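Each chain, written out:
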Amino acid sequence: MILTIDNHSPDEFYQKLIRWGYVQPECMLFDTGGHTQDRFYEYDWIFFAGAKRYMRWEEIHPIPPVGFDDWMGFLLAYNLKSTLSGQISQQTSFFNTPDAIFFTPRWVFYSKSQTLFAELLAEDAESFDEVLKGIQTIVLLDHSQIKFPDFIPVTSRDSYISTFYKIQEHLYRGDIYEMNYCVFYTSEDPLPEIPGLWFQRLQRSRAPMSGLFKIGNIAILSHSPERFFTVRNGIIYSQPIKGTIRRGSTDKEDEKLKMHLYESMKERAENVMIVDLVRNDLSRICETGSVHVDELFGIYTFASVHQMISTIRGQLSQGATFG
């Protein structure tokens with residue numbers, strides 16, 4: 001059952017909805033950050049709250065990507081790749097989270113061209129008015145002054161430098177050709193209230209792949225411009241990013257910086273490496289000969305940066321499943 005939500009300010013309803021949903025046991029939000037001109041987007045944002053049921057990975061992986069007929073919220077941990085390949089991860093885990101969480105939501109809200117909709121089961125229709133009243137009673141708070149707590153790195157400076165030199169040695173020997181070395185930061189200070197932090201960061205970044213996921217005492221906020229993959233009518237698309245440069249203070253400086261990024265041999269070399277990697281990965285699950293690069297070295301502009309994005313697509317194999 002799909003209902004139109006009338007007589008509500010879209011922006012005000014959105015803020016109240018997120019605050020209402022965040023106190024539910026589960027919620028998940030995907031927000032386009034205003035990039036509704038993106039050809040892959042059908043919605044301005046989608047929000048799930050509450051779980052009708054949880055599902056195990058064993059239930060999900062045999063399903064074809066186009067064969068799931070219900071909304072599904074999910075979280076995939078980085079170590080899932082090791083689990084699926086039968087490997088034992090050597091990485092330190094800082095969070096006590098499962099490799100994968102899947103749930104079908106009870107309450108589904110979304111916006112299309114600033115028109116608000118709710119999707120619900122027939123048995124929930126009678127209680128929906130109470131849900132709307134609950135959302136409307138939420139008091140909006142000022143989130144403009146929210147500040148992050150102080151974070152400190154888990155890795156010491158000496159350890160970081162030592163590891164950096166080891167990575168250089170591997171590069172010189174040719175053991176690896178590219179490396180992304182990251183360190184983990186933590187804080188013992190209390191976090192600000194999460195919905196307010198979400199709104200503040202979204203306003204600043206306006207990233208097209210922004211997400212908020214909360215289940216139990218786990219909350220994840222993400223403001224990313226990068227599309228890992230999406231599937232449309234049996235075609236899988238991936239848009240990796242390699243190459244970033246700041247925005248200019250004027251339109252003329254903006255154009256100059258974009259051209260500098262486009263012509264950078266370093267950024268092109270890194271971008272084409274990730275394109276080849278994605279082409280190889282997609283070829284494992286796509287029909288032979290169907291993997292193509294639709295756009296190479298595309299320059300896209302965001303709130304504070306320009307980025308080099310390439311687009312790869314492929315026709316999924318007949319037997320392809322989530323697993």
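See the structure printed just above.
These numbers were taken from a predicted model, which means no experiment stands behind them.

### Considering the overall build of the protein chain
Step number 1: When helices and strands are counted, the protein chain shows 8 helices and 15 strands.
Step number 2: For 323 residues, the compact-globule estimate of 2.2 N^0.38 gives 20 Å, and the protein chain sits close to it at 22 Å.
Step number 3: Taking all 323 residues of the protein chain together, 37% fall into the buried category.
Step number 4: A separation of at least 24 residues holds for 70% of the contacts in the protein chain among residues at least 6 apart in sequence.
Step number 5: For the protein chain, the exposed surface amounts to about 19,500 Å²; the carbon and sulfur share of it is 52%.
Step number 6: Averaging the coordinates of the 31 positive side-chain charges in the protein chain and doing the same for the 41 negative ones gives two points 5 Å apart.

### Some remarks on the pattern of salt bridges
Step number 1: On inspection of all chains with the given rule, the structure shows 17 salt bridges.
Step number 2: Among the ionic pairs, Lys16 bridges to Glu12, the shortest N-O distance being 3.4 Å. Of the two residues, Lys16 and Glu12 both sit in helix α1 (residues 10-22), 4 residues apart, roughly one turn of that helix.
Step number 3: With a shortest N-O distance of 3.0 Å, Arg279 and Asp276 are connected by a salt bridge. Remark: Asp276 and Arg279 occur in helix α8 (residues 265-283); sequence separation between them is 3 residues, near one turn of the helix.
Step number 4: By relative accessible area, Arg279 is classed as partly exposed at 37%.
Step number 5: The network of salt bridges with common partners includes Arg53, Arg56 and Glu59.

### Re the packing of α1 against helix α4 (residues 125-136)
Step number 1: The N-to-C vectors of α1 and α4 enclose an angle of 105°; their axes lie 8 Å apart at closest approach. Here α4 runs roughly perpendicular to α1, going by the angle between their axes. Counted together, Phe13, Lys16, Leu17 and Trp20 of α1 and Val131, Leu132, Gly134, Ile135 and Gln136 of α4 form the full contact between these two elements.
Step number 2: Looking at the contact of α1 with α4, its residues break down into 6 nonpolar, 2 polar and 1 charged.

### Section: the environment of Phe151
Step number 1: Within the element layout of this structure, Phe151 appears in the loop between α4 and β7 (152-153).
Step number 2: Here Phe151 falls in the partly exposed class, since its relative accessible area comes to 36%.
Step number 3: With 37 residues separating them in the primary sequence, Phe151 and Glu188 have C-alpha atoms 8.1 Å apart.
Step number 4: Among all residues touching Phe151, those that are not within four sequence positions of it are Tyr185, Thr186, Ser187 and Leu191.

### Points about the nonpolar core
Step number 1: Counting 26 residues, the largest nonpolar core has Phe47, Phe109 and Phe128 as the members making the most contacts within it.
Step number 2: Sort the elements by how many residues they give to this core and α1 lands first, with 6 residues.
Step number 3: Not counting residues up to four positions away in its chain, the partners in contact with Phe128 are Leu3, Ile5, Trp107, Phe109, Ala118 and Leu120.
Step number 4: Core analysis: the second largest hydrophobic core is formed by 13 residues, Met28, Ile46, Trp71 and Phe117 among them.

### Some words on the side chain of Asp44
Step number 1: Inspection of the secondary structure assignment puts Asp44 in the loop between β2 (26-31) and β3 (45-55).
Step number 2: In this structure the side chain of Asp44 is engaged in a polar contact, spanning 2.6 Å, whose partner is the side chain of Ser111.
Step number 3: Polar side-chain contacts of Asp44 include one of 2.8 Å to the backbone nitrogen of Gln114.
Step number 4: Residues within four places of Asp44 in sequence aside, it is in contact with Asp31, Thr32, Thr36, Ser111, Lys112, Ser113 and Gln114.

Reading the values: the criteria
In this convention, every chain numbers its residues from 1, walking through the sequence in written order. pLDDT decides what is reported in this predicted model: residues at 70 or higher carry local features, side-chain atom pairs at 80 or more are listed and counted, and totals for whole chains, interfaces and linings draw on all residues regardless. Side-chain calculation: all heavy atoms of the structure are included, whereas hydrogens and water are not. Numbering goes from the N terminus for both helices and strands, where a helix is a DSSP run of H or I of at least four residues and a strand is a run of E of at least two. This radius of gyration counts C-alpha atoms alone. The globule rule is 2.2 Å times how many residues there are, raised to the power 0.38. Classification of residues uses two cut-offs on accessible area relative to the type maximum, computed with a 1.4 Å probe and protein chains only: under 20% is buried, over 50% is exposed, and between them is partly exposed. Throughout, a residue-residue contact means that at least one pair of heavy atoms, one from each residue, lies within 4.5 Å. Shrake-Rupley sampling with a 1.4 Å probe provides the accessible areas, and residues are treated as covered by the protein chains on show and by no other component. The positive count covers Lys and Arg only, the negative count covers Asp and Glu only, and His and the chain ends enter neither. Just so you know, the charge point we use is NZ for Lys, CZ for Arg, CG for Asp and CD for Glu. Any carboxyl oxygen of Asp or Glu that lies within 4 Å of a side-chain nitrogen of Lys or Arg is treated as forming a salt bridge with it. Geometry is summarised by axes, namely lines fitted to C-alpha atoms with helices restricted to the contacting stretch, and by angles between N-to-C directions that run from 0 to 180 degrees. Angle categories are assigned with fixed cut-offs, so that under 35 degrees is roughly parallel, over 145 is roughly antiparallel, 65 to 115 is roughly perpendicular, and the rest are oblique. The residue classification treats Ala, Val, Leu, Ile, Met, Phe, Trp, Tyr, Cys and Pro as nonpolar and Asp, Glu, Lys and Arg as charged. All others, Gly included, are polar. We define the nonpolar core as a collection of buried residues of types Ala, Val, Leu, Ile, Met, Phe, Trp, Tyr and Cys that are connected through side-chain atoms lying within 4.5 Å of one another. Here a polar contact is taken to be a pair of N or O atoms separated by no more than 3.5 Å, where protein atoms must pair a possible hydrogen donor with a possible acceptor and residues adjacent in sequence count only if both atoms sit in side chains.

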